Amino acid sequence: MSSPDSARRQTVAGVVYAGGAFLAWGGSPVYWKALQSVPALEIVAHRVVWSLLFLAVLILVQGRWSEFRSTLGRARTLLVLSLTTLLVSGNWLLYIWAVNAGHLLQASLGYYINPLVNVLLGMVFLRERLRRPQALAVLLAATAVVFRSVSFGQFPWIALTLGFSFGLYGLIRKIAPVGSLVGLTVETLLLTPISAAYLVYLELHGAGALLRGGPAIDALLVGTGVFTAVPLLLFNLGARRINLSTLGLMQYTAPSGMFLLAVFAYGEPFTLVQVWTFVLIWGALAIYSIDSLRAFRRAVTP
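Chemist: Could you give an account of the packing of helix α10 (residues 180-204) against helix α11 (residues 215-239), naming the residues involved and the relevant values?
Modeler: Where α10 contacts α11, the axes come no closer than 10 Å and their chain directions differ by 160°. Looking at the two axes, α10 sits roughly antiparallel to α11. The element α10 and its partner α11 pack so that their crossing is right-handed. Side by side, α10 and α11 meet where S180, L181 and L184 of the first sit next to T228, L232 and N236 of the second.

Structure representation (structure tokens):
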């Protein structure tokens, strides 16, 4: 049995690890903005190729090569991961495009509503019953989307696509009995042939950014592998050391970072309509978070 001091150190370490992951994800627009001169599709192709190399090293270092090989040998798991590959690559592409096209506020909104999307997907696909506070939170989020659509005359498709694609990604990954590191490595492996072929095509036609955009762009493109894998590793280390309720509250760090960058660093328009949209979303998340904490405490109390 671990001592109280040891448990406390583990919790602190978990908060530091998970906090580092969420801060990296929240600050990711700075990285993608630095690559604004490169088309989003090309960035994603580089991200896939370099991520595979870096993730393969992590798999070897962590001694998970046998798990990786075993996953490749299971046809059903590969089929599931093929579907999640489409979802995660589409999510990456839309997010990077949104950041560099001046739609970071919508992107942050998408990741704010993601926990509520997860609740809705659980009800629809897993037949989970919503508690009253959860239902109220989902209703408030839906009200925010309708309010924004009517007021702006524009459907927030970026936010909803990001929120639902990531929600579906998480839902489907539950079906595949594979860890997040091994799963992401297999997903990038499945994407690598088409990504590498696209990059070769660009190079053959003199249109690729690598070795043409300058040393800084080259370093950033190659660094996409590290930038993808390290936050994931930190998240995994943190998730093992802290409870789910703490992790659930910390996840709002990422969209909050995106929100602050959009408004204060990149000067995206933040109108009264935007204010009320986010107020409704934040209200929904407050209700959801308080309910989740209460449910967690009831579950762990003897």
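Picking up where we left off.
Chemist: Hey, could you go over the packing of aromatic side chains for me, with residue numbers and the actual values?
Modeler: What the rule picks out here adds up to 18 aromatic pairs. Between Y95 and Y111 the ring centres are 5.8 Å apart and the planes differ by 80°, which places this aromatic pair in the edge-to-face class. Of this pair, Y95 sits in helix α5 (residues 75-100) while Y111 sits in helix α6 (residues 104-112), and the two are 16 residues apart along the sequence. Here Y95 and Y111 have matching classes, each one buried. Relative to W157, the ring of W97 has its centre 6.0 Å away and its plane inclined at 35°; by these criteria the two rings are tilted. Here the residue W97 occupies a position in helix α5, and W157 occupies one in helix α9 (residues 157-173), the gap between them amounting to 60 residues. For W97, a relative accessible area of 37% corresponds to the partly exposed category. Owing to a relative accessible area of 40%, W157 belongs among the partly exposed residues under this scheme. Here a set of aromatic residues connected by ring pairs shows up, and it is made of Y112, F259, F270, F278 and W282. When the ring centre of W92 is taken as reference, the NZ or CZ atom of R47 above it lies at 4.1 Å.

Procedures and definitions
- Residues numbered from 1 in each chain as written.
- Predicted model: local features only at pLDDT ≥ 70, side-chain atom pairs only at ≥ 80, totals over all residues.
- Heavy atoms only, no water.
- Axes fitted to C-alpha atoms, helices over the stretch in contact; angles between N-to-C directions.
- Helix = DSSP H or I, 4+ residues; strand = E, 2+ residues; numbered from the N terminus.
- Parallel < 35°, antiparallel > 145°, perpendicular 65-115°, else oblique.
- Left-handed = near helix turned anticlockwise from the far one by under 90°.
- Contact = heavy atoms within 4.5 Å.
- Phe/Tyr/Trp six-rings, centres within 6.5 Å; stacked < 30°, edge-to-face > 60°.
- Buried < 20%, exposed > 50% of the residue type's maximum accessible area, 1.4 Å probe, protein only.
- Lys NZ or Arg CZ within 6 Å of the ring centre and 35° of its normal.

Purely geometric numbers; function is a separate question.
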